[in-house]
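# Per-entry structural report
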Amino acid sequence: MALKLHHLNASRSQRIVWLLLELGVPHEIVHHKRNETTRLAPADLKNIHPLGKSPLLEDGNIVIAETGAIAQYLLAKHDTANRFHPAADSADFPRYLEWVHSAEGAVFLPGLLALYTGMAGITEGPVAQMISNERDKVAGYIEAHLSKHAYFAGENFSAADCLMGFQIVMTDAQGGLARRPATKAWLDKVTARPAYKAMLAVGV
Ligand SMILES: N[C@@H](CCC(=O)N[C@@H](CS)C(=O)NCC(=O)O)C(=O)O
């Protein structure tokens, strides 16, 4: 039975669509649409997984949530030749792991906090400043890394690039890469990949 990915529009599940296309694994995409007002996922996603969030991967009777876990599952089963993730004995492996986990952690959290506080009208004051400082620190770290390496895991494209992509596309859309030439060069390079373009065609 083909893998089934539950994809929500305008969401970070784009990263798993992209990874599936890079891997070339047969799959089916089930599209779910955000509520136009609340931006939340439709309630029927809770029938698949209690949290009702996307991405969700179904593999037969297995259901997996969390982008990083889904990526790790796909790579373990469908990237046995290590085309998209370094082997555990590779010198790139620790750096790869760090970025894969940062994608939802250190990198995503300040952006999410900025979104929520912005929705609550908190755009000035100590909390807004703290979040802004954190975003700058993370963006500076990414820029420094990509000034020295072609990709997140080192000199080869990997799933870490797919997982970091969504956040960096969002930062670029907000004008955040104006002072980050290495990050912008990385973005131009990875978004030119056929699988990235195919992901956009699937529907963001
Ligand atoms: N840490 C989770 C986050 C999942 C998540 O929050 N997904 C968002 C889309 S970006 C979502 O489904 N939001 C709709 C909702 O919460 O109703 C992951 O990486 O998979």
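Residues numbered from 1 in each chain as written. Predicted model: local features only at pLDDT ≥ 70, side-chain atom pairs only at ≥ 80, totals over all residues. Heavy atoms only, no water.

## With respect to the packing of helix H5 (residues 126–148) against helix H7 (residues 181–191)
Rules: For helices, the axis comes from a line fit to the C-alpha atoms of the stretch in contact; other axes are also lines fit to C-alpha atoms, and the angle between any two N-to-C directions lies between 0 and 180 degrees. Helix and strand labels come from DSSP, where a helix needs a run of H or I of at least four residues and a strand needs a run of E of at least two; each type is numbered from the N terminus. Under this scheme an angle from 65 to 115 degrees is roughly perpendicular, one under 35 degrees roughly parallel, and one over 145 degrees roughly antiparallel; angles in between are oblique. Helix crossings fall into two classes, left-handed where the near helix is turned counterclockwise from the far one by less than a right angle and right-handed where it is turned clockwise. Note on contacts: a residue pair qualifies if any of its non-hydrogen atoms lie within 4.5 Å across the two residues. Three residue categories are used. Nonpolar comprises Ala, Val, Leu, Ile, Met, Phe, Trp, Tyr, Cys and Pro, charged comprises Asp, Glu, Lys and Arg, and polar comprises the others, including Gly.
Direction vectors running N to C along H5 and H7 enclose 65 degrees, while the axes themselves pass 7 Å from each other. It follows from the interaxial angle that H5 and H7 lie roughly perpendicular. Between H5 and H7 lies a crossing of left-handed hand. On H7, the residues touching Ile142, Glu143, Leu146 and Ser147 of H5 are Pro181, Ala182, Thr183 and Trp186. Each residue belonging to the contact of H5 with H7 can be placed in one class, and the counts come to five nonpolar, two polar and one charged.

## Topic: H7
Because each turn of an α-helix spans 3.6 residues, side chains separated by three or four positions in sequence point in the same direction. Note the cut-off: Type-normalised accessible area, obtained with a 1.4 Å probe on protein chains alone, sets the label of each residue: buried when under 20%, exposed when over 50%, and partly exposed for intermediate values. Directions drawn from the helix axis to the C-beta atoms are what define this arc.
When we look at burial in H7, the residues that qualify are Ala182, Thr183, Trp186, Leu187 and Val190. Projected down its long axis, H7 shows its buried positions confined to an angular sector of 140 degrees, all on one face.

## A few points about the domain arrangement of the protein chain
Stated precisely, the cut-off is as follows: Domain boundaries shown here were taken from an automatic or database domain assignment. Salt bridge, as used here, is a side-chain nitrogen of Lys or Arg placed within 4 Å of a carboxyl oxygen of Asp or Glu. Polar contact is the term for a pair of N or O atoms within 3.5 Å; when the atoms are in protein, one must be able to donate a hydrogen and the other to accept it, and sequence-neighboring residues count only if both atoms are side-chain atoms.
Taken domain by domain, the protein chain holds domain 1 (3–83 + 196–202) and domain 2 (93–193). The C-alpha centroid of domain 2 is placed 21 Å from the C-alpha centroid of domain 1. Each partner contributes residues to the interface: domain 1 has 15 residues there, and domain 2 has 18 residues. The tally of links between domain 1 and domain 2 comes to three salt bridges. We note a salt bridge from Glu104 to Arg15, for which the minimum N-O separation is 2.7 Å. Here domain 1 is connected to domain 2 by six residue pairs in polar contact (both at pLDDT 80 or more). Elements with a minimum of two residues in the side of domain 1 that touches domain 2: helix H1 (14–23), helix H2 (67–78) and helix H8 (194–202). Split by residue class, the side of domain 1 that touches domain 2 holds six nonpolar, four polar and five charged.

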